[in-house]
Amino acid sequence: MDRDASASPGDRCAPDIELLLCNGLILDVFSGQFFRGDVAIAEGRIVGFGAVNAKQCVDLEGAWVIPGLVDAHVHIESSQLTPTEFARAVLPRGTTTVIADPHEIANVLGLDGIRYMLEASEDLPLRVYLMAPSCVPATPLETAGATLDAEAVAEALGWPRVLGLGEVMNVPGVLARAPDLERKLSAARGRPVDGHAPGLSGPDLWAYRRAGPRTDHECTALPEAAEKLRAGMHVLIREGTAERNLAALLPILTAASSPFVHFATDDRHPETLLEEGSIDDLVRRAMAGGAPPAAAIASASIHAARAYGLRDLGAVAPGYVADLIVLSDLSTFQIRRVYAGGQLVGDEGRCVAHLPERRARTAEHTVRVRDLDPSFRIAARPGAARVIAVVPGQVVTEELLLAPRSRDGDVVADTDRDVLKIAVVERHRATGSVGLGLVHGLGLRRGALGSTVAHDAHNVLVAGVTDDDLRAALAALAAMGGGQVVVADGRVVASHPLPIAGLMSDRNLGDIAASGAALRRAAQALGSRLADPFMTLSFLALPVIPRLRITDQGLVDVAQFAHVPLFAADDAPRGAAF
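## Details of the overall build of the protein chain
Within the protein chain one finds 17 helices and 31 strands. Its C-alpha atoms give the protein chain a radius of gyration of 25 Å, within 12% of the compact-globule value 25 Å for 578 residues. In terms of principal-axis extent, the alpha carbons of the protein chain reach across some 95 × 50 × 45 Å. Counting across all 578 residues of the protein chain, residues that qualify as buried make up 62%. Excluding contacts between residues fewer than 6 apart, the proportion of contacts in the protein chain whose partners are at least 24 apart in sequence is 69%. About 20,600 Å² of surface is accessible on the protein chain, with carbon and sulfur atoms providing 50% of the total.

As structure tokens, this is what we get:
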């Protein structure tokens, strides 16, 4: 199509223009201003803001043009989708690049899990970059499916699309200068290193930052985010399924701070992706909460890309990769079309890209339990027991001290006080290791919940009212190769198969979301009042976030970074009375 009668020398040196997006309002992320113009695209990159000839011209009729969005920290495994299906979900929502930490699947399969994520995301229009997991296992307080030592991490850092070191969750190890962790940090020197330091402050924060981590996605309060920003860290505002931090942290995002503040979904379940979206949801919420649109978009594009060394992503400017979003309305962030590498991949909310799917043979058959009929007996004794207390809407827990209910010399569930049994059964090496405890806040009046999604070691986690139902949940999970179940009266009433590493499904987003919704309804029918009982359940085995957790090796006091007995000494009570 002819656009002009004459051509400058620069035009004559340009490649043949394959696509010209005409008459748009283009965001200049460098100045924070919008300007009217055209976007010329060739060979997957932006050539400039006009062209003499173009094979295809699309009139945008004044629509807004912004860069594709970057998810600064996400665990694709938490979506329960394969990388291909994840791309199908997020591309039409405007997320064109993700910084993924595969430590969930690495805790199950080690380096083979990372290889699977790289192979499964190869040749996708979604740009999937990985961070080499730094903490597999997350702590020595649990049994994971693999151990990634410094040599394994160094190997992964040499693979294509692996940008740096994944979230460093072992804060005590960093502060104590644990040798293996120091070797991992040394291997990543000069590359991005993600942090994970909830509540860290003062000299300990400074020491942690000096060791290498330069991002943090665990802030839950504005003062914490402000302190970490002052310490030179990039603050990733997280809005996942269970962890909702955007409203509390939004004031930290200004035009001045936007180069150091980004957005992350971290852990989003299928229903959340389907109903709310991905990074587009966070940008939309930020703008609705008063963040300047140009600053919010720049935080989620150019600044996030540069934080991870991706210098040719995140801007609508010559030489940059043509990952673009066309918005019908800026104020509501209504997405009309999405382009990745200059190719149309999203049209009015539909993914229109060709997405190759790869089989996951190396990631299947990963549930190996020694005894499908274990004893979950807890012998009663005088005094108070430590109880994991769920905090609704938060990933943190509290510790309660109470005298548990007992019958015939055994501790039993007490539904009147919402105290259930909880157990973690090792499932990677068939060691027979079982950790037992009590939990308050799940709300079940009968039955049990079971899951092989149990951050971060992903052993089998079961919680419920009777030992028989706990065993029924364990047997069901082993039989279907991993997933999540609801059991009542010894019978499975809802199941959610996740045969890929016990974490992901081979089905499409709609089917997985529907299955997850049915699972949630079944749990709520048994009495749970939680918005997402299984998301909450999955984090009860995560021994790096305060306060009380459980692993296959027993209860963990995260503040002490050590195992503690179920029954606490009467003369040394800790935690709130119940």
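That covers the picture; the talk isn't over yet.
## A few points about the sheet that holds strand 10 (residues 193-195)
Pairing is parallel across the open sheet formed by eight strands, whose spatial order is 6-7-8-9-10-11-12-13. Of all strands in the sheet, those bounded by a partner on one side alone are strand 6 (69-74) and strand 13 (261-264). As paired elements, strand 12 (residues 234-238) and strand 13 share four bridges and run parallel to each other. Along strand 13, the bridge assignment pairs L236 with H262.

## What to know about the state of the cysteines
All told, the structure shown has one disulfide when counted by the stated rule. Two residues share a disulfide in this structure: C22 and C57, whose sulfurs sit 2.2 Å from each other. Looking along the S-S bond of the C22-C57 disulfide, the torsion reads about -140 degrees, which is the left-handed sense. With C22 in strand 1 (residues 19-28) and C57 in strand 4 (residues 57-59), this residue pair connects regions lying 35 residues apart in the sequence. Overall, the relative accessible area of 5% leaves C22 in the buried class. The partly exposed category is assigned to C57, whose relative accessible area is 28%. Not part of a disulfide, C219 finds its nearest cysteine sulfur in C135, a span of 18 Å. You can call C219 buried: its relative accessible area is 1%.

## Some points on the pairing of strand 14 (residues 324-329)
Here four bridges tie strand 5 (residues 64-67) to strand 14, and the two strands are oriented antiparallel to one another. Residue P67 lies in a different strand from strand 14, and its bridge partner there is L324. Note that strand 14 and strand 15 (residues 334-340) share five bridges and pair antiparallel. Within the sheet, the bridge partner assigned to L327 lies in strand 15 and is I335. Hairpin connection from strand 14 to strand 15: four residues lie between these consecutive antiparallel strands, with F333 at a positive phi of about 50 degrees.

## Brief notes about unusual backbone geometry
For the peptide bond that leads from V136 to P137, omega is 0 degrees, which places it in the cis range. Mapped onto the secondary structure, P137 falls in the loop between strand 8 (127-132) and helix 5 (150-157). The step from P546 to R547 runs through a cis peptide bond, and the omega angle for that step is 5 degrees. Take R547: it is sitting in the loop between helix 17 (533-539) and strand 28 (548-551). One non-glycine residue, N23, adopts positive backbone phi at about 60 degrees. With respect to the helices and strands, the residue N23 is situated in strand 1. The phi torsion at A430 lies on the positive side, around 55 degrees, for a residue other than glycine.

## Description of the sheet that holds strand 28
Here three strands make up an open sheet; going across it, the order is 28-29-30 and the pairing antiparallel. A single partner strand is all that each edge strand has here, and the edge strands are strand 28 and strand 30 (562-563). Inspection of the sheet shows strand 28 paired to strand 29 (residues 554-557) by four bridges, in the antiparallel sense. Residue pairing for strand 29: I550 is matched across the bridge by L555.

## Examining the environment of E61
When you line up the elements, E61 lands in the loop between strand 4 and strand 5. Since its relative accessible area comes to 64%, E61 is described here as exposed. Leave out the neighbours within four places in its chain, and E61 touches C22 and N23.

## Remarks on the pattern of salt bridges
When charged atoms on two side chains of opposite charge get close, those side chains can pair. A full pass over the atoms with the stated rule returns 31 salt bridges. R127 is paired through a salt bridge with D323; the nearest N and O atoms lie 2.7 Å apart. One end of the pair, R127, is in strand 8; the other, D323, is in the loop between helix 14 (302-307) and strand 14, and 196 residues separate them in sequence. Take D323: its relative accessible area is 5%, and that puts it in the buried class. E271 is paired through a salt bridge with R520; the nearest N and O atoms lie 2.4 Å apart. Here the residue E271 occupies a position in helix 11 (residues 270-275), and R520 occupies one in helix 16 (residues 509-525), the gap between them amounting to 249 residues.

## Digging into the nonpolar core
One recurring pattern in soluble globular proteins: nonpolar side chains tend to sit buried together. Counting 98 residues, the largest nonpolar core has F86, I114, F263, V283 and F333 as its most contacted members. When residues of this core are assigned to their parent elements, the largest contribution, six residues, is made by helix 4 (residues 111-121). V419, L442, A454 and L548 belong to the second largest nonpolar core, which has 40 residues in total.

## Considerations on helix 5
Taken residue by residue, helix 5 has A150, A152, V153, A156 and L157 as its buried positions. Along the axis of helix 5, the buried positions cluster into a sector of 160 degrees, meaning they face one direction only. Buried residues along helix 5 sit in contact with helix 4, strand 8, strand 9 (162-168) and helix 7 (179-187).

What counts and how
Residues numbered from 1 in each chain as written. Predicted model: local features only at pLDDT ≥ 70, side-chain atom pairs only at ≥ 80, totals over all residues. Heavy atoms only, no water. Helix = DSSP H or I, 4+ residues; strand = E, 2+ residues; numbered from the N terminus. Rg over C-alpha atoms; globule rule 2.2 N^0.38 Å. Buried < 20%, exposed > 50% of the residue type's maximum accessible area, 1.4 Å probe, protein only. Contact = heavy atoms within 4.5 Å. Areas by Shrake-Rupley, 256 points an atom, 1.4 Å probe, with all protein chains shown as cover. Pairing = 2+ DSSP bridges. Disulfide = S-S within 2.5 Å. Salt bridge = Lys/Arg side-chain N within 4 Å of Asp/Glu carboxyl O. Core = buried A, V, L, I, M, F, W, Y, C linked by side-chain atoms within 4.5 Å. Arc of directions from axis to C-beta.

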